[in-house]
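One-letter residues, chain by chain:
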Amino acid sequence: MANADPLDSSTVMSRLWQRLRMGVGFRELNVFVAFIALCAFFWWRNPGVFTKAANLAIIMRFIATFGILAIGEVLVIITGGIDLSVGSMTALTGVLVASLMLKGAFGLESLGLIPSILIVLAFAATVGLWHGFFVTKVRVPAFIITLGTWLMAAGAAAYITRGYPIVFDSGHPFLVLGQGKFHSIPIMFFVLVIVAVVVFFILSQTTLGRHIYAVGGNLESARVSGVHVDRVRLFCYAASGVMAGLTGILLASRLGQGTPVVGSAYELWAIAATVIGGTSLFGGEGTVLGAVLGAAIMGVMQNGMVLMNVSSYLQTFVLGVVLVIAVTYDTFRRRRGR
Amino acid sequence: MSGDTPIVEMRGITKSFGAVQALQGVDLSLAHAEVLGLVGDNAAGKSTLMKVLSGAYHPDAGEILIEGQEIHMGGPEDARRLGIEMVYQDFALADNLDVASNIFLGREIVRLNLGLLKVMNKGRMEEEARRSMDELKVDLASVRFRVERLSGGQRQAVAIGRATAFDAKVLIMDEPTAALSVAAIGQVLDLIRELSRQGTSVIMISHRLEDILEVANRVIVLRHGRKVADRPIKGQSLAEFRENVVACMVGAVDDFGPRH
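So, here is what we can say about the structure in this document.

Conventions used here
Residues numbered from 1 in each chain as written. Chains lettered and ligands numbered in written order. Predicted model: local features only at pLDDT ≥ 70, side-chain atom pairs only at ≥ 80, totals over all residues. Helix = DSSP H or I, 4+ residues; strand = E, 2+ residues; numbered from the N terminus. Rg over C-alpha atoms; globule rule 2.2 N^0.38 Å. Buried ≥ 20, exposed ≤ 12 C-beta atoms within 10 Å, placed from the backbone. Contact = placed C-beta atoms within 7 Å. Axes fitted to C-alpha atoms, helices over the stretch in contact; angles between N-to-C directions. Parallel < 35°, antiparallel > 145°, perpendicular 65-115°, else oblique. Left-handed = near helix turned anticlockwise from the far one by under 90°. Nonpolar A, V, L, I, M, F, W, Y, C, P; charged D, E, K, R; others polar.

### Points about the overall build of chain B
Here comes step 1: A tally of helices and strands in chain B yields 8 helices and 12 strands.
Here comes step 2: A compact globule built from 260 residues should have a C-alpha radius of gyration of about 18 Å, and chain B, at 19 Å, falls within 12% of that.
Here comes step 3: On the principal axes, the C-alpha backbone points of chain B span a range of 65 × 40 × 40 Å.
Here comes step 4: Within the span of chain B, comprising 260 residues, buried residues form 43% of the whole.
Here comes step 5: Nonlocal contacts in chain B, meaning residues at least 24 apart in sequence, comprise 68% of its contacts between residues at least 6 apart.

### Focus on unusual backbone geometry
Here comes step 1: For Arg139 of chain A, which is not glycine, the phi dihedral falls at a positive 60 degrees.
Here comes step 2: The topology assignment puts Arg139 of chain A in the loop between α5 (113-138) and α6 (142-161).
Here comes step 3: The exposure class assigned to Arg139 of chain A is exposed, which follows from the 7 C-beta atoms found within 10 Å.
Here comes step 4: Even without a glycine there, the phi angle at Ala92 of chain B is positive, about 50 degrees.
Here comes step 5: Summarising the element assignment, Ala92 of chain B is placed in the loop between β6 (84-87) and α3 (99-103).
Here comes step 6: Classification of Ala92 of chain B by C-beta neighbours within 10 Å gives buried; the count is 22.

### Here's the deal with the packing of helix α3 (residues 53-78) of chain A against helix α8 (residues 187-205) of chain A
Residues and elements named next belong to chain A.
Here comes step 1: Two elements in contact, α3 and α8, have axes whose closest approach is 8 Å; the angle formed by their N-to-C orientations is 30 degrees. What the angle tells us is that α3 and α8 run roughly parallel. Considering how the two elements wind past one another, α3 and α8 form a crossing that is left-handed. Of the residues in α8, those touching α3 at Met60, Arg61, Ile63, Ala64, Gly67, Ile68 and Ile71 are Met188, Phe189, Val191, Leu192, Val195, Ala196 and Val199.
Here comes step 2: Of the residues belonging to the contact of α3 with α8, the class tally is 12 nonpolar, 1 polar and 1 charged.

### A few points about helix α12 (residues 266-276) of chain A
Residue and element names in this part refer to chain A.
Here comes step 1: Along α12, 10 of the 11 residues are buried, which leaves the element largely enclosed by surrounding structure.
Here comes step 2: For α12, the complete set of buried residues consists of Tyr266, Glu267, Trp269, Ala270, Ile271, Ala272, Ala273, Thr274, Val275 and Ile276.
Here comes step 3: Backbone geometry just after α12 places Gly278 at a positive phi near 95 degrees.

Right, here's the structure in full:
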């Protein structure tokens, strides 16, 4: 190539600048800086408490819960869709996993730990495929079909349990998933890290990932380029279903019970996390790192405000303000970027 | 080369959209290295016919032969595998992806195939995209630029690069010169001549009859979903050519119509 010496520092700088200008990692960088600033602020206001291992574990569990949901959500949102079912799905899958393990279901004896988890994840994937089928073949808006599941899953969870939680005995091996720690880091957080690495790899390195972005950027172009646009979207909805199932399992383990009352409005928190992390609800834009950082910002803020004795009503209000600021900033930045 | 067998032969292609009969039994044949102009009024069926050939539409009836072999296309990827490439009028690019990603969209170079997951070789795709852009003499600082940042001419170059980077046997271009400056039109026409010289067959849809007269060997005129003329182009002045073609386009002349 006719390029200058690739090690020339000005070339390196201009390339770096080019990458930043192109938006590769730029938005995540902003969000990351905001995250660090928030951590510093809350550390300063709550010296000694904020960085305690127990407190960090609380934050990490929050980030794991909404981070996993947000990763599923970001896949769907990149393709130009949305998944509103994930909140109720965490409740239903939590109830299902407890029910399978403790009571048995479908006329079966109670099942073991691993089979129960696998069945619930398969069920969650099937629900996701159901959404994908309606979006791609029946051409129902994603908003509507997942809203339907949001209602059905909430109803089913309440019906199965008749409103009562299905409680695990303390010491049940299942509880390790949500309550256990390894070197003072919650097991849940490791699950998030594994999920994030796998999905990051898929989105950034594989043809499937590139096709997910292409579908969100221009569905018709992707189609005439030979991308199997329906399969790609089916995958994303199924993945989002699996993430909701995984979160439901982790929460059931964390709470020591399958209960129909968890997960309320979690879909909106997950969507908020993706948006704070720079995902565009119009599709075509979004990253795993952004989604996790969005969840992390919400987790740190929520925790920091608790430590500062901010009223819980005000906490929700402040998170709303953060969401609006993030979206407004992003919109302006994008307009200038053109 | 397979002698006189046309590279493409479409027979009796019919296609309806609801009550609208877009194509009513159209025949088209294309020889090796031939440049064919396809003209007709708006809604005459040109783009529809080409989308059938490029696999984007399934015809209701009719058959398609490639080098004498009847083929059935399940989608655009089948057409591309057969060496049929189309440059769409709107370029069909994904604005949120970079140049290299667009050029290789749907046929990424794979480094490692894990079944469902195929790991891309991004470096090689960028190199080859760079080469393709250089061959087309496009002034483009980086193939990592997102397409949304490019000018109209650069976007078209990416669309053409995507079609020509893979040794196309048949290149379909839908209004390639409609939105271009005079200099850029000259470049596109030069490119078509060059591709033809290398053995690629080109079908060019255009309203600009002067462009067709300049590069095409033959012209087909469609009207209301039917072929009304299929004539070689030789030694005509632009005025004569325009008069002949327009007569067919408006229905004053119909080489294939029912005898009166």
